[in-house]
Amino acid sequence: MDAAPYVFPNDPGIAWSIMIVLYPYITGLVAGAFVVSALYHVFHQEVLKPVAKLALVTSLCFCSCATLPLLLHLHHPERALNIMVTPNGTSAMAGFGFIYSLYMLLLVVEVWLVFRSTIVDRANSRTGAIGIVYRILALGARKMTEGSRKVDEWAIHLLAMAGIPIACILHGYVGFLFGAIKANPWWSTALMPVIFLISAIVSGIAALIVLYVGMCWRRGVKPDADCVRAMCRYLWVALVVAVSLEMLELGHMAYESGAEWEVLSGLLTEHLAVSYGLIQVVIGSICPFLLLLVAVRPRLNPRLMTACGGLAALLVLVQVFAMRWNVVIGGQLFSKSYRGFVEYTVPWGGREGMIAAIIVLTLPLLALWAADKLLPLWHDSEASESSPFETASRIISPEPIGAAFAITAETTTPVQTQPAQTQLTSPAK
Amino acid sequence: MIQENNDTGGGCGGTCNKSSCGCPSDEMTSRRQFLQRASTVTIGAMSFTILPVAMGDGTESQFPMANGKGAPNEGEQLFGFLVDSDKCIGAGKCLTACRTENDVPEGSHRTWVERYVHFKDGTLQVDTVPETGFAGSDFPIIDPQLVDRSYFVPKLCNQCDDAPCNQVCPVHASFTSPQGVELVDPDRCIGCGYCVQACPYGGRFINPETNNADKCTWCYHRVMRNEKPACVEACPVDARVFGRLDDPNSEISKRIAKIPTDVLKEHLGTHPKTRYAGISGEVK
């Protein structure tokens, strides 16, 4: 029976706008970047050392801005704290405040501990306004002893380990928010949290490649080729898993061809043809897949490898944004009557407009710029300073990583075999 | 380059009482003091922000039951709603009555009436009845010769027993009254829109004037005064029936007992209390 389009009268105005696209995008970057930093701090992937601090600080900068799109979206932002004051135990969303706060606290403490020796040094040596900033950041502690350093190292290792499950929960829970909506057949799948989680890791690695290559270019130094190649390998594996899961979910829906497949197939072929078919699949998945295959070749010219990897990472960032868009907006483009579609165009102005979205995406980068001015994000910039990471690696975890991460084994330097100072391979040299 | 401070605690063995010798005991004292200060600042900040809200300052609910669970207690009255599609004539009186009674803004709908038209060529047309009714609107009149059958279906909140909108509300703003009516606490709603997404029936919307989630309440303010909901009172043909399900002598109980009724999207397991008579599976 053919039926003319029909949309429920309350459906034309979609409830979740581009701000709700940005939220999982930003938290994905947070979780993914943290996982990269954890690969170094917990699993001792020495090859990732050049980006270890950058990953951690990137995670903090994006995390500090993660609530902005939500506050811009809420129709009563002044009541935002209600989510923690009167939380509903049956609501997936109610956990947000607690999970986010816990993760933010963890990140702040870990970053502070990682840079504490530098902060204390500069608090003691710098004068003027910048000196005051460091003295504030030092929180009254003006001395570093070997004992306190060991306690810091122990705490950093502990926080890095605890941060992995919390980062996974933070983003897996975002997927659960959508997957638990049984009213929406485009969202309601148990794979949703897993897909969000893996794509978070994808986006985090891709963002770090882009940031690292971009910042090295800006600083006028060569990126560490082994590091970029290793990240490309991780990105390739994570991308394959993420895209496989996405296609598996879609294939499962199509194969079942349930009652709602008619509207979903219409959604894919007519309303998401560009954002899903072209951008997410072709430009964002297939192209970077091929580029990364080239980039991870062992004897490839480092400049070509960096170019391929950087371009692939940029495309992957577009893919992940398109994926978030297709989930969040795509899921609202059809009416719950399952008989008709609605249109959504992002307005330029307003709290949930394009300009606000651009500002929200720019703020974490500004925070990262400020952090770069304030803290030594690059291991070569403090080669003569003793990093808590190095000592932590030496003291706390002498065992190399297991087979699960053997993909980078050929580029990994076992921690205990060389003194820490000799591991520092400055790109500037 | 900044030089690292390699002071390891000096030779005092950590036994001195000086405040700045850098020995381990000094470090521990400093750390303890820091934690004490941090705790004081945190608790102080909380007392100015979260605690007043938690204690009810500013967000006190106008619905006492919002603080508890909404399942009907034993002895409480339990309301129900029957939509009789066979009787509806698409007059649209209910729509105007609802909008007037509840100040529903233009463009938003607590209730609406759908028209299903089966044409002889096998096609189905679904649309909504204008508030003036088809007779008073500029809708083109469908040639009856082309139509096999047609019927109207008034839609409103289904007041589900297992309401997904209540389940997902992060702040307890959506709740069930002891009479089984799903309500929204306007003083508590944060306007996140999660309930709008979770409602399978398109019954919720964000009210552009109050910025709260809004929905049909079966005119809770009226029925608690033993009045009928505005739409029920306005219906000229008794297509909408409201009453107590726990009273076997109520009209709704009698009609539900006599005629076959159905609920919408039963497979979702929401267990709606709004029941429909005279509809077929194409109504969602």
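Criteria and thresholds
- Residues numbered from 1 in each chain as written.
- Chains lettered and ligands numbered in written order.
- Predicted model: local features only at pLDDT ≥ 70, side-chain atom pairs only at ≥ 80, totals over all residues.
- Pairing = 2+ DSSP bridges.
- Helix = DSSP H or I, 4+ residues; strand = E, 2+ residues; numbered from the N terminus.
- Core = buried A, V, L, I, M, F, W, Y, C linked by C-beta atoms within 7 Å.
- Buried ≥ 20, exposed ≤ 12 C-beta atoms within 10 Å, placed from the backbone.
- Contact = placed C-beta atoms within 7 Å.
- Axes fitted to C-alpha atoms, helices over the stretch in contact; angles between N-to-C directions.
- Domains from an automatic or database assignment.
- Nonpolar A, V, L, I, M, F, W, Y, C, P; charged D, E, K, R; others polar.
- Parallel < 35°, antiparallel > 145°, perpendicular 65-115°, else oblique.
- Left-handed = near helix turned anticlockwise from the far one by under 90°.

S.K.: Would you explain the sheet that holds strand 11 (residues 274-277) of chain B in this entry?
M.R.: Paired through their backbone hydrogen bonds, the strands of a sheet run either parallel or antiparallel. The mixed open sheet is built from 4 strands, whose spatial order is 9-1-11-10 (chain B). Each edge of the sheet is formed by a strand with only one pairing partner; in this case those strands are strand 9 (240-244) and strand 10 (261-262) of chain B.

S.K.: Is there a simple way to think about the nonpolar core in this case?
M.R.: Here is a general trend for soluble globular proteins: nonpolar side chains tend to be buried in one another's company. Residues and elements named next belong to chain A. Counting residues in hydrophobic clusters, the biggest one holds 187 residues, and the most contacted among them are Val202, Ile205, Leu208, Ile209, Met231, Leu235 and Val316. The dominant element in this core, judged by the number of residues it contributes, is helix 1 (residues 18-41), at 18 residues. Residues in contact with leucine 208, not counting those within four places in the same chain, are Ala33, Val36, Val51, Leu54, Ala55, Thr58 and Met231.

S.K.: It is not clear to me how the sheet that holds strand 2 (residues 112-119) of chain B should be interpreted in this structure. Could you clarify?
M.R.: Residues and elements named next belong to chain B. Reading across the sheet, the 3 strands line up as 3-2-4 and stay open at both edges, with antiparallel pairing between neighbours. Edge positions in the sheet fall to strand 3 (124-128) and strand 4 (147-155), since each of these pairs with one other strand and no more. Pairwise comparison of adjacent strand axes, ignoring direction, gives a mean angle of 15 degrees for this sheet. Pairing analysis gives 8 bridges linking strand 2 to strand 4, with the strands arranged antiparallel. Residue histidine 118 lies in a different strand from strand 4, and its bridge partner there is arginine 149.

S.K.: Is there a simple way to think about the domain arrangement of chain A in this case?
M.R.: Interface size is often expressed as the accessible area that is lost when the parts come together. All names here are of chain A. Per the domain assignment, the segments of chain A are domain 1 (14-180 + 347-422) and domain 2 (211-344). Elements that contribute at least two residues to the side of domain 1 that touches domain 2 include exactly helix 1 and helix 2 (49-64). It is helix 1 that provides the largest number of residues to the side of domain 1 that touches domain 2, a total of 5 residues. Broken down by class, the residue content of the side of domain 1 that touches domain 2 amounts to 14 nonpolar, 4 polar and no charged.

S.K.: Would you explain the packing of helix 1 of chain A against helix 2 of chain A in this entry?
M.R.: Between two packed helices, the angle of one axis relative to the other and the distance separating the axes together describe the packing. All names here are of chain A. At their nearest, the axes of helix 1 and helix 2 sit 8 Å apart, and the two run at 150 degrees to each other. When the axes of helix 1 and helix 2 are compared, the pair comes out roughly antiparallel. Considering how the two elements wind past one another, helix 1 and helix 2 form a crossing that is left-handed. Residue-level contacts link Ile26, Leu29, Val30, Ala33, Phe34, Val36, Ser37, Tyr40 and His41 of helix 1 to Lys49, Val51, Ala52, Ala55, Leu56, Thr58, Ser59, Phe62 and Cys63 of helix 2.

S.K.: Just to check I follow, could you spell out the environment of Ile20(A) for this structure?
M.R.: Residue and element names in this part refer to chain A. Inspection of the secondary structure puts isoleucine 20 in helix 1. For isoleucine 20, a count of 26 C-beta atoms within 10 Å corresponds to the buried category. Each C-alpha atom, one on isoleucine 20 and one on glutamate 46, is 36 Å from the other, the two residues being 26 residues apart in sequence. Filtering out sequence-adjacent residues up to four positions away, isoleucine 20 remains in contact with His73 and Val328.

S.K.: Looking at this structure, how should I read the packing of helix 1 of chain A against helix 9 (residues 191-219) of chain A?
M.R.: Residue and element names in this part refer to chain A. Their axes nearest at 6 Å, the elements helix 1 and helix 9 cross at an angle of 70 degrees. Taken as axis vectors, helix 1 and helix 9 run roughly perpendicular relative to one another. Residues Pro24, Gly28, Leu29, Ala31, Gly32, Ala33, Val35 and Val36 of helix 1 form the contact with helix 9, whose own contacting residues are Phe196, Ser199, Ala200, Ile201, Val202, Ser203, Gly204, Ile205, Ala207 and Leu208. Considering only residue class, the contact of helix 1 with helix 9 consists of 13 nonpolar, 5 polar and no charged.

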